[in-house]
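What follows is each chain in one-letter form.
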Amino acid sequence: MCLISNISQLITNKKNINSEISIGGWVRNRRHSKIGITFINLYDGSCLEDIQIIASYKLNNYKNEILFITSGCSLKVIGKLKISPKKIQKYEIHASKIKVTGWVDNPGKYPISPKKHSLKYLREVCHLRPRTTIISSITRIRHNIALYIHNFLNKKKFFLINTPLITTLDTEGSGKMFKVSTLDFLNLKYEKNKKNFFKKDFFGKESFLTVSGQLNLETYACSMSKVYTFGPTFRAENSNTKRHLAEFWMLEIEIAFANLKNLINFAEKMLKSICKYILCFHENEISFLSKKTENNLFNKINKILLNKFIIIKYTKVIEILKNSKKKFSHSIKWGEDLFIEHEKYLTNTYFNNPVIIYNYPKKIKAFYMYLNSDKKTVASMDLLLPDIGEVIGGSQRENRIEIFDKRLKEFKLNQSDYWWYRDLRKYGTVPHSGFGLGFERLISYITGLYNIKDVIPFPRTPYNAKF
Ligand code: 4AD
Ligand code: MG
């Protein structure tokens, strides 16, 4: 069986024109002409393009099957590959045999009819939405960027570490975690002592789905130098925004002997490299998505590729925001986190550029970040992209055990829970840094689909895990 994506290659060899090929796919739409020919547009998801099938009345199942084919039917087609006389498509298949492998029940009610559907509607039919060109396009871009990242890191001598999804630690110290348990909560005796209560549980301890693989990743960075993990992470944040998912994919990298400056440089280089790749190899898909989203995605991607990122301290950012004439709905105060409206003002208006903010106040960042000599800020960084806001968050890690222990206390975290993490600081401690990149947020930016639910196959958000 040939994929549609292979046909453009096949056709470069003239010998293949008029040769017989067989393909399989789903009907986008079909048109019956009065002269006894049916034109069928077939897609198989392998590329952006559909292929036109020409079915003549001479086919033995023309009258009893072909005339009844509707959008969504699946077909196996054998036929001759021909250069198309019309300019709309480059080639077509003149069918010698068409087998309908799957009919559509009640075609009038087929949820993905050829008419235009809103993205909101498509979220209600997540199981069928990959049949649309927009969702399959995003899926191919997502796949290609993921592969590109693996290759990019491999070339730079990073090792892939599969960090665990189940954990007993609150990596970010934020408490927004999903519990993992096999206890039968409905039939349990009340137990006041939390420790004793979870002793009966599967892991003998209260356990969660991880919010980040970072702490485990650090153990490998402190022995294998350059490592990364790329997997799902879970956050029980009750925020139903266009930028938040309860389950999202995060690329996390960790580098030994790297400081914050090295990390910032690396993040910028990596993003630029991804953008270059997309523009070089996926131009047709980006051009299609530009039209669909009414966005000039080439300009947006070039914004990352061609401009030097703005690298600016948090303290300076607060000054800029305070001095701006724009009225924000959230007040600006040193020591407090930025809201998306502040981030957007910086990236879309003030700088009109990607922005990396570094040295945030220690109070608003995680316990593991390296304490700067001012004792007020930590060596952290957030990379913000226009329209999306934060796409990367990272830091140099606190590798000095005495300071780390003080930080644990400040966060009211138990030293004993972090015993193995502390061991890394006790045995051959090393300066090291790392970041996490929200994969869906990057895909949102590149594809111009600003609702994060549209760039992950099956979104998980509050009250929504239907598919
Ligand atoms: O800034 P965050 O919370 O950083 C960490 O988890 C670190 N442990 C990473 C590290 O240093 N290894 O998350 C990293 C990125 C954010 O910048 C954002 O892009 C994305 O993950 N992110 C989310 N994406 C979708 N939905 C959510 N609820 C997200 N929360 C964070
Ligand atoms: Mg963050």
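Just above sits the structure.
Basis of the calculations
- Residues numbered from 1 in each chain as written.
- Chains lettered and ligands numbered in written order.
- Predicted model: local features only at pLDDT ≥ 70, side-chain atom pairs only at ≥ 80, totals over all residues.
- Heavy atoms only, no water.
- Helix = DSSP H or I, 4+ residues; strand = E, 2+ residues; numbered from the N terminus.
- Buried < 20%, exposed > 50% of the residue type's maximum accessible area, 1.4 Å probe, protein only.
- Contact = heavy atoms within 4.5 Å.
- Areas by Shrake-Rupley, 256 points an atom, 1.4 Å probe, with all protein chains shown as cover.
- Lys, Arg positive; Asp, Glu negative; His and termini not counted.
- Charge placed at Lys NZ, Arg CZ, Asp CG, Glu CD.
- Near = heavy atom within 4 Å.
- Polar contact = N/O pair within 3.5 Å; in protein donor to acceptor, adjacent residues only side chain to side chain.
- Pairing = 2+ DSSP bridges.
- Axes fitted to C-alpha atoms, helices over the stretch in contact; angles between N-to-C directions.
- Arc of directions from axis to C-beta.
- Salt bridge = Lys/Arg side-chain N within 4 Å of Asp/Glu carboxyl O.
- Phe/Tyr/Trp six-rings, centres within 6.5 Å; stacked < 30°, edge-to-face > 60°.
- Lys NZ or Arg CZ within 6 Å of the ring centre and 35° of its normal.

(A) The overall build of the protein, seen in detail. Scanning the protein for helices and strands turns up 13 helices and 16 strands. The dimensions of the protein, computed from C-alpha atoms along their principal axes, are 85 × 60 × 45 Å. Considering the protein as a whole, with its 467 residues, one finds that 51% of them fall into the buried category. The long-range fraction of contacts in the protein, counting pairs at least 24 apart against all pairs at least 6 apart in sequence, stands at 67%. Summed over its atoms, the accessible surface of the protein is roughly 24200 Å², and 53% of this surface lies on carbon and sulfur atoms. Positive and negative charge centroids in the protein, built from 76 and 40 side chains respectively, lie 6 Å apart.

(B) Region of interest: the site of ligand 1. Around ligand 1 sit 24 residues in total, of which Glu172, Gln214, Arg235, Glu252 and Glu390 are the nearest. Here serine 212 contributes a side-chain N or O atom positioned 3.0 Å from a nitrogen atom of ligand 1. Note that an oxygen atom of ligand 1 is positioned 3.3 Å from one of the backbone N or O atoms of glycine 438.

(C) Seen up close, unusual backbone geometry. Unlike most non-glycine residues, lysine 412 shows phi in positive territory, near 55°. Looking at the element boundaries, lysine 412 is found in the loop between helix H11 (401-410) and helix H12 (419-426). Even without being a glycine, tyrosine 463 presents a positive backbone phi close to 60°. Its location among the elements puts tyrosine 463 in the segment after helix H13 (439-447). For tyrosine 463, a relative accessible area of 85% corresponds to the exposed category.

(D) Highlighting the sheet that holds strand E2 (residues 37-43). Spatial ordering of the closed barrel is given by E1-E2-E3-E5-E4, a layout of five strands whose pairing is mixed. Here the strands of the sheet are splayed against their neighbours by 55° on average, with no regard to which way each runs. With six bridges joining them, strand E1 (residues 20-32) and E2 adopt antiparallel strand pairing. Looking across to E2, one finds that tryptophan 26 is bridged to tyrosine 43.

(E) Quick peek at the pairing of E2. Counting buried residues in E2 gives five out of seven residues, a clear majority hidden from the surface. The hairpin turn running from E1 into E2, its antiparallel successor, is four residues long, and glycine 36 in that turn takes a positive phi close to 80°.

(F) H12, seen in detail. Taken together, the buried positions of H12 are Tyr421, Arg422, Asp423, Leu424 and Arg425. Contacts from the buried residues of H12 go to helix H5 (214-224), H11 and strand E16 (432-438).

(G) Examining helix H9 (residues 314-323) more closely. Among all positions of H9, only Tyr314, Val317, Ile318, Ile320 and Leu321 are buried. Looking straight down H9, one finds that the buried residues subtend no more than 160° of arc, so they occupy a single side. Exposed residues lying more than 90 degrees from the buried face of H9 are Lys322 and Asn323. Those residues of H9 that are buried are in contact with strand E12 (310-313), helix H10 (340-350) and strand E13 (355-361).

(H) Spatial organisation of the side chain of threonine 70. Its place among the elements puts threonine 70 in the loop between strand E3 (51-56) and strand E4 (74-83). With near-sequence residues (within four places) excluded, threonine 70 lies in contact with Val27, Arg30, Val104 and Pro107.

(I) Spatial organisation of the environment of lysine 466. Take lysine 466: it is sitting in the segment after H13. You can call lysine 466 exposed: its relative accessible area is 57%.

(J) Looking closely at the pattern of salt bridges. Scanning the model with the defined rule gives 21 salt bridges in all. The closest approach of N and O atoms between arginine 28 and aspartate 50, which form a salt bridge, is 3.2 Å. Residue arginine 28 is located in strand E1, and its partner aspartate 50 is located in the loop between E2 and E3; the two are separated by 22 residues in the primary sequence. Notably, a salt bridge pairs glutamate 285 with arginine 140, separated by 2.7 Å at the nearest N-O pair. Taken together, the positions of glutamate 285 in helix H7 (residues 283-293) and arginine 140 in helix H3 (residues 133-155) put the pair 145 residues apart, joining distant regions of the chain. One network of salt bridges, with partners in common, ties together Glu218, Glu254, Arg397 and Arg425.

(K) Quick peek at the packing of aromatic side chains. Counting across every chain of the model gives 23 aromatic pairs. Considering the side-chain rings of phenylalanine 185 and phenylalanine 197, the 6.3 Å spacing of their centres and the 35° angle between planes classify their relative orientation as tilted. Of the two residues, phenylalanine 185 is situated in the loop between strand E8 (179-180) and helix H4 (194-199) and phenylalanine 197 in helix H4; the sequence distance between them amounts to twelve residues. For phenylalanine 197, a relative accessible area of 14% corresponds to the buried category. Ring centres 6.2 Å apart and planes at 90° place the aromatic pair tryptophan 420 and tyrosine 421 in the edge-to-face group. Arginine 425 extends its terminal NZ or CZ atom over the ring of phenylalanine 404, reaching a point 5.5 Å from the ring centre.

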